[in-house]
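Residue-level structure breakdown
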Amino acid sequence: MELEFCAPCLFGLEGPLGNELRHLGLRDVRVEDGRVYFTGGPRDMALTNIRSRFAERVLIVVGRTEAGDFDSLFEGVRAMEWEKFIPRAGAFPVKGYTHQSAITSMPALQRSINKAVAARLGRVYGLERLPETGETYQIQFALVRDEATLYIDTTGPGLHKRGYRPDQVEAPIRETLAAALVDISGYRGRGDFCDPFCGSGTIAIEAALAAKNRAPGLGRSFTAESWKNIRPDWENVRKEARSREFDRDYTIFASDIDPDAVKIARRNAERAGVDKLIRFSVADAGKFALSTNGGIIVTNPPYGERLLDIRAAREIMRDFGKAMKGITGWKVNIISSDPELERYFGYRAAKVRKLYNGMIKCGYFMF
Ligand SMILES: C[S@@+](CC[C@H](N)C(=O)[O-])C[C@H]1O[C@@H](n2cnc3c(N)ncnc32)[C@H](O)[C@@H]1O
């Protein structure tokens, strides 16, 4: 069975996600703003859920239809082959968004799509009323400029929920973003790696998972695992992912000035199964003095948006920059929402990439 998929991602991560999906062997990879489309079979659905580090979720594209008014939306949705995915007893709640379109009422859109899918399935299964007592097939729609794209979600809770971070500090970075920052930095498990503002440890943990080539989705389940019509061998995909792991000697450092954050980070690393790979310590980044030959720093210091005020955040950057003056060999990569970061850190970035950390517009400053 040939399927079209859509993997939404955080803005700014489309490029790394597209490369990752090509690397995973997926076909027709097409990068758009905030999402990447690709083609594959049922096994690819399991593979992407289990192995993608940067996607937020994996959706099946059921179809597209013109939707300038409710009639064309209803007819277009009813014409789609929902029975390929949703069995007789499947439940199919609907959610989505609309943008620059004539229809704007969310409840009316949900009702109309739900009725159209029910009309289709009712006819195919010869039922007046569908029981919707079985497993869930979450329908999503995007109505953009009067064209609706209809999806079914295969993932459930977002892919950033790897399962290792029930405990977190106040402003944790999303796991998918942390993984992408590590990837963009060029860290591939060789040489030293450090996050001197580690908080709950996300960046160091994602660096360790990537270095070991451990699939990020091994510690969780996915909504499509309960489906009846599309049943790839999930266990086999997990087994194959495990067989791709390798062990080397890694030197990954993670520190934070807050002892409670370091405790949390350690526990998270244990849950992710990478605590042996990371050397945690309580340390002030303003006194950064790792006596190694250098390596790669990827870090997410306080911005003064969610934690501290901007003046205090800038003071911390000034101290960190001063500490780095005496040290050679470290390539520093900082994600921050402060447009003045370079001034306070005391270096000019070779490159700044635009990214979003949640709703906060940020730069990824690469020195
Ligand atoms: C935005 S949070 C990092 C969040 C982390 N990326 C995560 O996913 O949990 C910034 C962290 O910097 C730490 N911090 C603040 N000042 C510091 C300093 N001078 N040295 C080291 N860490 C510091 C805070 O304790 C906080 O945990």
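Look a little higher up for the structure.
This structure is a prediction, so every number in the text was calculated from the model and none was measured.

1. A closer look at the site of the ligand
Taken together, 22 residues are adjacent to the ligand, and Ser-200, Thr-202, Asp-256, Ala-285 and Asn-300 come closest. Take Asp-284: an N or O atom from its side chain is 2.9 Å from a nitrogen atom of the ligand. Within the complex, the protein chains bury 91% of what would otherwise be the 600 Å² of accessible surface of the ligand.

2. Remarks on the packing of helix H3 (residues 70–78) against helix H4 (residues 106–125)
Relative to each other, H3 and H4 sit at 35°, their axes nearing to 8 Å. The hand of the H3/H4 crossing is right-handed. On H4, the residues touching Phe-70, Leu-73, Phe-74, Val-77 and Arg-78 of H3 are Ala-108, Leu-109, Ser-112, Ile-113, Lys-115, Ala-116, Val-117, Ala-119 and Arg-120. Here the residues of the contact of H3 with H4 sort into ten nonpolar, one polar and three charged.

3. Quick notes on the pairing of strand S4 (residues 59–66)
By the criterion of burial, S4 is predominantly enclosed, with six of the eight residues buried. Where strand S1 (residues 3–8) lies against S4, two bridges are found, and the strand directions are antiparallel. Residue pairing for S4: Cys-6 is matched across the bridge by Leu-59.

4. Quick word on the sheet that holds S1
What the seven strands build is an open sheet, ordered S2-S3-S1-S4-S7-S6-S5; its pairing is mixed. In this open sheet, the two edge strands, each paired with only one partner strand, are strand S2 (27–32) and strand S5 (94–99). Each strand of the sheet is rotated relative to its neighbour by a mean of 30°, with strand direction disregarded. Each of S1, S2 and strand S3 (35–40) touches helix H1 (residues 14–23); the most contacted strand, S2, lies at about 175° to it. H4 rests against S5, strand S6 (139–144) and strand S7 (147–153) of the sheet, and its axis sits at about 130° to S5.

5. A look at empty space enclosed by the protein
In total, this model carries one cavity of 30 Å³ or more according to the counting rule given. Size it by volume and the largest cavity reaches roughly 40 Å³. Considering each element in turn, the lining of the largest cavity owes the most residues, three residues, to helix H9 (residues 310–325). Looking at the lining of the largest cavity, its residues break down into six nonpolar, one polar and two charged.

Procedures and definitions
Residues numbered from 1 in each chain as written. Predicted model: local features only at pLDDT ≥ 70, side-chain atom pairs only at ≥ 80, totals over all residues. Heavy atoms only, no water. Near = heavy atom within 4 Å. Polar contact = N/O pair within 3.5 Å; in protein donor to acceptor, adjacent residues only side chain to side chain. Areas by Shrake-Rupley, 256 points an atom, 1.4 Å probe, with all protein chains shown as cover. Axes fitted to C-alpha atoms, helices over the stretch in contact; angles between N-to-C directions. Helix = DSSP H or I, 4+ residues; strand = E, 2+ residues; numbered from the N terminus. Left-handed = near helix turned anticlockwise from the far one by under 90°. Contact = heavy atoms within 4.5 Å. Nonpolar A, V, L, I, M, F, W, Y, C, P; charged D, E, K, R; others polar. Buried < 20%, exposed > 50% of the residue type's maximum accessible area, 1.4 Å probe, protein only. Pairing = 2+ DSSP bridges. 1 Å grid on protein atoms, 1.4 Å probe; cavity = no way out; pocket = protein on both sides within 12 Å on 5 of 7 lines; lining within 4 Å. Points joined across faces, edges and corners; volume = space filled by probe spheres on them.

None of this, on its own, says anything about what the molecule does.
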